[in-house]
Amino acid sequence: PPSGKLNATLQVAGNTGKKVTSSGNVSVGDVKVDVAGDVEQPATSPKFDLTISSKEFPWEKLIELLPPNVARELKNLGLTGVGTLKVQPKGDLANLAISGEFDLGKSGVRYQNIFSKPEAVPMTLTIQAVLKADALELTAVKLAFGTVALDVTGSVLTNVCFLEGG
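Small disclaimer: the values here were computed from a predicted structure and weren't measured.

About the thresholds
- Residues numbered from 1 in each chain as written.
- Predicted model: local features only at pLDDT ≥ 70, side-chain atom pairs only at ≥ 80, totals over all residues.
- Heavy atoms only, no water.
- Patch = residues over 30% accessible without salt bridge, like charges linked within 9 Å, V, L, I, M, F, W, Y side chains within 5 Å.
- Areas by Shrake-Rupley, 256 points an atom, 1.4 Å probe, with all protein chains shown as cover.
- Salt bridge = Lys/Arg side-chain N within 4 Å of Asp/Glu carboxyl O.
- Lys, Arg positive; Asp, Glu negative; His and termini not counted.
- Charge placed at Lys NZ, Arg CZ, Asp CG, Glu CD.
- Helix = DSSP H or I, 4+ residues; strand = E, 2+ residues; numbered from the N terminus.
- Buried < 20%, exposed > 50% of the residue type's maximum accessible area, 1.4 Å probe, protein only.
- 1 Å grid on protein atoms, 1.4 Å probe; cavity = no way out; pocket = protein on both sides within 12 Å on 5 of 7 lines; lining within 4 Å.
- Points joined across faces, edges and corners; volume = space filled by probe spheres on them.
- Nonpolar A, V, L, I, M, F, W, Y, C, P; charged D, E, K, R; others polar.

Participant: Account for a negative patch on the surface, with residues named and values stated.
Facilitator: Together, Asp-30, Glu-60, Glu-64 and Glu-119 give the surface a local cluster of negative charge. As for its placement among the helices and strands, Glu-119 is situated in the loop between β8 (115–117) and β9 (123–132). Exposure remark for Glu-119: the relative accessible area of 40% places this residue in the partly exposed category.

Below you can see the structure in the form of structure tokens.
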């Protein structure tokens, strides 16, 4: 179960039937994110145009807040240290475009005996994706690590990978 107290400071303006603009931050324990942007028709069929960012958040604390099946997958990556992120969801829940930038330069990453990156080595991850009801379409994913860059595209069936219990 998630640990830590939920704190939120948000400034909200608008009409819940039309458009709401917000800015502020949300924290649970040691994990703090800033949120800014608009939500159109929040009461009926919300459409998002948000920026969610964090300058430094501790991986171990973030993983504690996630559902067990997602947390287990991230724990397998051996994430340590802190990371920075900027995620921008845009669109409605049936077709949500997501762009993300993650700086893992102050993060340690380890996967079994196959891969290990110490906390002081630069590494970035950028993602362009579309979340649909049954799949996450990865339109552009780039992992840059030193002089190596890995580009990935494809689809992940969410009903198989993320929604199964246990």
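Participant: Outline the layout of surface pockets, supporting the account with residue identities and numerical values.
Facilitator: Taken as a whole, the largest pocket encloses approximately 2,100 Å³ of empty space. Lining the largest pocket are 48 residues, with Val-70, Leu-74, Phe-102, Leu-125 and Ile-127 sitting closest to its centre. Here the lining of the largest pocket gets five residues from one element, more than from any other, and that element is β9. Residues belonging to the lining of the largest pocket are distributed by class as follows: 41 nonpolar, four polar and three charged.

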